[in-house]
Amino acid sequence: MSPAVRLQKYLAEAGVASRRAAEQFIQDGRIAVNGRIVSQLGTKVDPVHDAVVVDGKPVRVRRKLYVALHKPAGCVCSDKDELGRATVHHLLPKEWQNLHSVGRLDFNSEGLIFLTNDGQFALRLTHPRFGVRKKYVATIEGEVGGEMLKRFTQGIFDGGQRLKALSARLISGGRARSVVELELAEGKNREVRRLFESQGLAVKRLQRTQIGKIKLGELKPGRWRTLTETEIRTLLLET
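Treat the numbers as computed from the prediction; the structure is a model and nothing was measured.

Engineer: Any details on the overall build of the protein? Residues and values, ideally.
Structural biologist: Looking only at helices and strands, one finds six helices and 17 strands in the protein. Over its C-alpha atoms, taken along the principal directions, the protein stretches across nearly 70 × 35 × 35 Å. For the protein, the proportion of its 239 residues judged to be buried stands at 43%. Here the contacts in the protein between residues at least 6 apart in sequence split such that 62% fall between residues at least 24 apart. Here the protein displays about 13,300 Å² of accessible surface, and carbon together with sulfur accounts for 48% of that area. Between the mean site of the 42 positive side-chain charges and the mean site of the 26 negative ones, the protein shows a separation of 2 Å.

Engineer: Could you give me a rundown of the packing of aromatic side chains, with the residues and numbers involved?
Structural biologist: One pass over the full model with this rule turns up four aromatic pairs. Geometrically, the ring pair formed by Y66 and F121 is edge-to-face, given 4.9 Å between the ring centres and 75° between the ring planes. Placement of Y66 in strand β7 (residues 66–71) and of F121 in helix α3 (residues 119–126) is noted, with a sequence separation of 55 residues between them. As far as burial versus exposure is concerned, Y66 and F121 are alike and both buried. Arranged with centres 6.5 Å apart and planes meeting at 45°, the rings of F114 and F121 form a pair that is tilted. We classify F121 as buried; its relative accessible area is 2%. Among the aromatic residues, those joined into a cluster by ring pairs are Y66, F114 and F121. Here the basic side chain of R30 rests over the ring of F25, its NZ or CZ set 3.9 Å away from the ring centre. Just above the ring of F107 sits the side chain of R85; from NZ or CZ to the centre is 4.9 Å.

Engineer: Give me the pattern of salt bridges: which residues, what numbers.
Structural biologist: Following the criterion strictly, the structure yields 12 salt bridges and no others. R85 serves as the salt-bridge partner of D81, at 3.0 Å between the closest nitrogen and oxygen. Close ionic contact of E183 with R133 constitutes a salt bridge, the shortest N to O distance being 3.7 Å. Pair noted here: E183 is in strand β14 (residues 177–184) and R133 is in the loop between α3 and β10 (134–141), with a separation of 50 residues, a long-range link. Look at E183 and you get buried, because its relative accessible area is 14%.

Engineer: Outline the sheet that holds strand β3 (residues 36–38), listing residues and values.
Structural biologist: Neighbouring strands of a sheet are bound in pairs by backbone hydrogen bonds; such pairs are parallel or else antiparallel. The strand order β3-β2-β5-β6 describes an open sheet built from four strands, whose pairing is antiparallel. If you trace the sheet from one side to the other, it starts and ends with β3 and β6 (57–58), each paired once.

Engineer: Just give me the short version of unusual backbone geometry, but keep the residues and values in it.
Structural biologist: If you check the backbone angles, N34 has positive phi at about 55° while not being a glycine. Relative to the elements of secondary structure, N34 occurs in the loop between β2 (31–33) and β3. Residues other than glycine seldom take positive phi values, yet D55 does so here, at roughly 50°. Along the chain, the position of D55 falls in the loop between β5 (52–54) and β6.

Engineer: Account for the packing of α3 against helix α6 (residues 229–237), with residues named and values stated.
Structural biologist: Running from amino to carboxyl end, α3 crosses α6 at an angle of 50°, the nearest separation of the two axes being 9 Å. It follows that α3 is oblique to α6 by the angle criterion. For the crossing formed where α3 meets α6, the hand is left-handed. Between α3 and α6, the contacting residues are F121, R124 and L125 on the first element and I232, L235 and L236 on the second. In the contact of α3 with α6, the residues fall into five nonpolar, no polar and one charged.

Engineer: Quick rundown of the pairing of β7? Include the residues and the values.
Structural biologist: For a regular strand, side-chain orientation follows a simple rule: the groups alternate between the two sheet faces. Most of β7 is tucked away: six of the six residues are buried. Because side chains alternate across β7, one face comprises the buried residues Y66, A68 and H70, and the other comprises V67, L69 and K71, equally buried. Of the strand pairs in this sheet, β7 and strand β9 (residues 110–116) are connected by six bridges, and their pairing is antiparallel. Residue pairing across strands places H70 opposite L112, the latter belonging to β9. With three bridges connecting them, β7 and strand β17 (residues 224–226) associate as antiparallel partners. Paired with V67 across the two strands is T226, which belongs to β17.

Conventions and cut-offs
- Residues numbered from 1 in each chain as written.
- Predicted model: local features only at pLDDT ≥ 70, side-chain atom pairs only at ≥ 80, totals over all residues.
- Heavy atoms only, no water.
- Helix = DSSP H or I, 4+ residues; strand = E, 2+ residues; numbered from the N terminus.
- Buried < 20%, exposed > 50% of the residue type's maximum accessible area, 1.4 Å probe, protein only.
- Contact = heavy atoms within 4.5 Å.
- Areas by Shrake-Rupley, 256 points an atom, 1.4 Å probe, with all protein chains shown as cover.
- Lys, Arg positive; Asp, Glu negative; His and termini not counted.
- Charge placed at Lys NZ, Arg CZ, Asp CG, Glu CD.
- Phe/Tyr/Trp six-rings, centres within 6.5 Å; stacked < 30°, edge-to-face > 60°.
- Lys NZ or Arg CZ within 6 Å of the ring centre and 35° of its normal.
- Salt bridge = Lys/Arg side-chain N within 4 Å of Asp/Glu carboxyl O.
- Pairing = 2+ DSSP bridges.
- Axes fitted to C-alpha atoms, helices over the stretch in contact; angles between N-to-C directions.
- Parallel < 35°, antiparallel > 145°, perpendicular 65-115°, else oblique.
- Left-handed = near helix turned anticlockwise from the far one by under 90°.
- Nonpolar A, V, L, I, M, F, W, Y, C, P; charged D, E, K, R; others polar.

See below:
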């Protein structure tokens with residue numbers, strides 16, 4: 001017998017509704033399990049053997065997908081954008097529109113991002129307590145010195161938050177332009193950009209090159225590939 005899961009989780013993974021909305025479906029008596037209406041939120045089901053029906057229609061859990069995408073600059077990671085800007089979903093097959101991005105890259109940033117319909121996988125890669133490491137290469141307008149990089153690894157405060165890089169190294173540099181690689185674990189909102197902005201410098205280009213042990217590699221902007229089972233296991237083992 002397969003492991004039992006909470007009914008609302010089963011419904012969310014099947015794409016019926018979010019967990020919160022699924023809870024309301026249950027309380028409203030819209031869900032039947034093996035022919036009987038269920039209204040208790042603690043109900044668990046066997047995904048393989050139990051027959052779950054919503055409003056009279058059978059539910060089937062979708063195959064879990066794990067996709068690596070090279071996000072180009074000029075699009076957002078959200079499912080929809082209120083400003084009408086392009087989203088990463090425009091780069092995926094139409095039948096994969098149920099996938100959600102694992103974390104975020106802002107509109108002007110580019111590089112490696114994962115998309116999945118596995119909520120647990122997304123949580124393990126994004127929650128600060130798991131500390132999944134990510135590498136970025138930032139092109140900076142101006143000169144970046146060793147003391148600045150040292151401050152980044154020691155940590156600085158910005159907007160009431162402590163920003164910190166696990167490592168920071170200068171790839172190339174000069175008075176007008178510098179290229180820096182940073183490794184982060186927590187991934188606070190716009191953390192790389194805020195680190196440099198705190199020092200009066202602007203990030204001209206920002207690319208995420210690695211998540212855990214998975215590298216962007218030769219994946220071209222706008223292109224995607226599915227993660228292998230070995231890569232998925234590797235990412236989960238790191239958490």
